[in-house]
Amino acid sequence: MEWIEKHPDVSPRLTDYDAECSNLNWPDALARWGAGENQPFNMAVAAVDRHVAEGLAERPALRIIDRDGGDRSLTYGALQAQTARFAGALGSAGVGVGDRVMAVLGPVPEVHVAVLGTVRAGAVFGGLFSAFGPDLLAQRLRLAEARVLVTTTAVYERKIAPIRDRLPSLRDIWLVDGLPENPPPGLRRLADVLAEAPYAEPAATRAESPALLHFTSGTTGEPKALIHAHRAAVAHALTGRWALDLGPEDCFWCTADPGWVTGISYGVFAPLLNGATALVDARDFDPDHWLENLRDRAVNVWYTSPTALRMLRRAVAEAPALPALRHIASVGEPLDSETVEWGLRAFGQPVHDTYWQSETGAIVIANLPVRAIKPGAMGLPVPGCIPAIVTPGDPDSPVTDGAVGELAIRGDWPALFRDCPNRPDYRARVTRSGWYLTGDLARRDADGYFWFVGRGDDMIKTAGHMVGPFEVEAALMAHPRVSEAGVVGAPDPVAGEVVWAFVVPTGEGEADETLRRDILAHARRRLGPAAAPRVILFRRRLPHTRSGKILRRRLRRLASRISGRQSGVKA
Ligand code: AMP
């Protein structure tokens with residue numbers, strides 16, 4: 001596989017990777033940000049007030065595209081005023097330090113106001129997907145013990161009103177648009193709340209005070225509520241600069257929903273901490289709007305996901321020239337080499353993978369702009385994080401380069417979650433001997449690049465071989481007629497499990513038996529008979545989580561149902 005060398009005209013902000021890795025010491029880096037242990041530090045002040053104090057009140061903090069396509073800006077000065085009023089409103093409502101404020105909103109500027117205002121007030125902010133149904137919302141709002149909720153009228157009427165009696169701690173609900181007739185007590189328009197609110201100075205938080213709450217996806221049971229501290233901002237700022245190449249003159253677009261950790265850590269904090277302008281597009285996904293944003297809103301740095309890139313790839317025959325675009329990065333699921341190379345063909349920029357989790361709170365491995373990309377690899381560690389591949393569950397037993405094991409990370413990087421209130425033993429379970437165990441399987445090659453293999457739970461054990469679903473998916477996606485693939489194990493009486501692939505074919509031509517055989521032959525050539533899928537089923541689309549990850553759990557159930565039916569027929 002060809003390496004993609006750094007473009008000679010690109011001069012990334014991280015210039016000397018080796019020196020940064022050997023010199024970085026988190027206590028010093030934190031102290032430089034005023035976020036050392038026990039220091040008074042507030043991440044909203046670092047993101048907004050700091051720039052205003054430096055005379056940059058007129059710099060645009062947000063460039064906002066409203067649902068009707070209207071285009072406006074909000075300066076750092078205006079954002080500071082609104083967040084100070086939001087914090088004042090929390091104070092007037094009796095919300096205290098550590099109380100939880102949740103938002104169920106899509107990408108709208110009120111998210112920025114709510115999260116920055118909440119952490120400014122010393123309370124804890126969490127975002128939830130507005131596409132969640134009432135039960136998922138009720139479960140998370142209860143676990144979070146939400147005291148205030150910021151949402152839309154539609155979400156309130158359809159999903160919150162019916163569950164309100166299940167949420168005893170929820171006292172105030174502020175709506176970003178209209179107010180229904182006869183609003184019950186505690187239900188108000190956010191604009192009215194802000195208009196009456198006093199301007200609040202930042203609360204006296206410390207670097208390790210709780211600030212953000214993120215839920216894990218809950219694929220293996222009840223979602224975990226992870227708490228991150230104010231000092232995580234230092235990791236957001238530095239990884240924003242190192243991995244996303246963000247700087248003060250950039251227009252940055254993070255397409256992640258604010259219900260997902262990426263939408264907050266990198267959608268809100270990383271650009272503001274670096275003094276950049278964040279593009280906030282409130283419209284639903286539409287390939288034409290996306291290309292228009294990249295072209296006409298002069299986006300320089302674009303952070304998105306493999307699923308979004310594949311959707312765009314399917315919809316766009318030819319991408320327009322995007323002279324402003326300097327860096328593309330993706331996160332959330334494995335990035336196959338085809339998509340990296342498609343970026344290069346379509347936009348003149350390869351896509352840079354970045355790896356992290358809600359638990360790590362910030363990017364820990366990335367294809368950095370300063371280094372060559374190996375398409376299909378997650379990349380190299382960011383300075384200050386030291387990953388290793390270890391025997392699953394045992395960080396004291398590293399495995400040799402090239403072998404698959406659990407990805408563990410060492411380092412005192414400040415974004416690692418602090419605690420998990422609904423699973424008090426969780427942090428102790430996943431941190432051992434100074435290492436954090438990710439639960440993901442990966443391998444490191446001789447050049448030090450890390451390759452994702454699969455979630456520990458998703459590995460397929462077939463006839464004595466361990467097969468990572470991503471290797472098979474990546475091989476399938478290298479076939480010109482495959483636009484997306486989801487691979488799982490289905491039970492088999494002889495092999496234990498066999499590899500099944502659910503494949504979304506590209507639009508051209510029939511998805512028939514000839515194509516199925518062709519894809520199978522291609523997979524066998526690339527993977528050998530042990531890992532090649534035994535069964536390929538065509539699908540128009542694959543199930544995804546709200547953050548865009550393939551829902552392999554659902555595919556596994558489907559495969560096992562179908563295989564059960566087939567063995568029933570044979571019997
Ligand atoms: P979440 O905490 O919901 O963001 O999910 C984190 C999980 O997503 C990780 O543990 C990985 O399994 C997966 N993930 C995130 N980024 C990547 C990536 N770049 N490549 C492969 N898997 C990823």
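Above this note sits the structure.
Residues numbered from 1 in each chain as written. Predicted model: local features only at pLDDT ≥ 70, side-chain atom pairs only at ≥ 80, totals over all residues. Heavy atoms only, no water.

S.K.: A description of the overall build of the protein should follow, citing residues and the corresponding values.
M.R.: Secondary structure summary: the protein contains 17 helices and 27 strands in total. Relative to its length of 571 residues, the protein is compact, with a C-alpha radius of gyration of 24 Å against a globular reference of 25 Å. Its C-alpha atoms give the protein principal-axis dimensions of roughly 70 × 55 × 50 Å. For the protein, the proportion of its 571 residues judged to be buried stands at 58%. (Helix = DSSP H or I, 4+ residues; strand = E, 2+ residues; numbered from the N terminus. Rg over C-alpha atoms; globule rule 2.2 N^0.38 Å. Buried < 20%, exposed > 50% of the residue type's maximum accessible area, 1.4 Å probe, protein only.)

S.K.: Tell me what's going on with the site of the ligand, and back it up with residues and numbers.
M.R.: The immediate surroundings of the ligand are formed by 15 residues, with D353, T354, Q357, S358 and D440 found nearest. Side-chain polar atom of W260 to an oxygen atom of the ligand: 3.1 Å apart, as the coordinates give it. Within the side chain of S358, one N or O atom sits 2.6 Å away from an oxygen atom of the ligand. When contributions to the shell around the ligand are tallied by element, the ones reaching two or more residues are β14 (351-355) and β22 (450-455). (Near = heavy atom within 4 Å. Polar contact = N/O pair within 3.5 Å; in protein donor to acceptor, adjacent residues only side chain to side chain.)

S.K.: Please give an account of the pattern of salt bridges that cites residues and values.
M.R.: Under the criterion given, the structure shown has 32 salt bridges. Linking D440 and R455 is a salt bridge whose minimum nitrogen-to-oxygen distance equals 2.8 Å. Separated by 15 residues along the polypeptide, D440 in strand β21 (residues 435-444) and R455 in strand β22 bring together distant segments of the chain. A relative accessible area of 33% places R455 in the partly exposed class. One salt-bridge network, held together by shared partners, links R63, D71, D281, R283, E292 and R297. (Salt bridge = Lys/Arg side-chain N within 4 Å of Asp/Glu carboxyl O.)

S.K.: Explain the side chain of T216 to me, using residue names and the numbers behind them.
M.R.: Within the secondary structure, T216 is located in the loop between β8 (210-215) and β9 (225-229). Take T216: its relative accessible area is 9%, and that puts it in the buried class. At a separation of 2.9 Å, a polar atom in the side chain of T216 contacts the main-chain amide nitrogen of K224. Setting aside residues up to four positions removed in sequence, T216 forms contacts with R140, P223, K224, L226, S358 and E359. (Contact = heavy atoms within 4.5 Å.)

S.K.: Please set out the packing of aromatic side chains residue by residue, giving values where relevant.
M.R.: Counted by the stated rule, this structure contains 13 aromatic pairs. When the centroid spacing of 5.1 Å and the interplanar angle of 65 degrees are considered together, the rings of Y266 and W356 count as edge-to-face. Here the residue Y266 occupies a position in helix α10 (residues 261-273), and W356 occupies one in the loop between β14 and β15 (365-366), the gap between them amounting to 90 residues. A relative accessible area of 0% places Y266 in the buried class. Their ring planes at 75 degrees and their centres at 5.3 Å tell us that W342 and F347 sit as a pair that is edge-to-face. (Phe/Tyr/Trp six-rings, centres within 6.5 Å; stacked < 30°, edge-to-face > 60°.)

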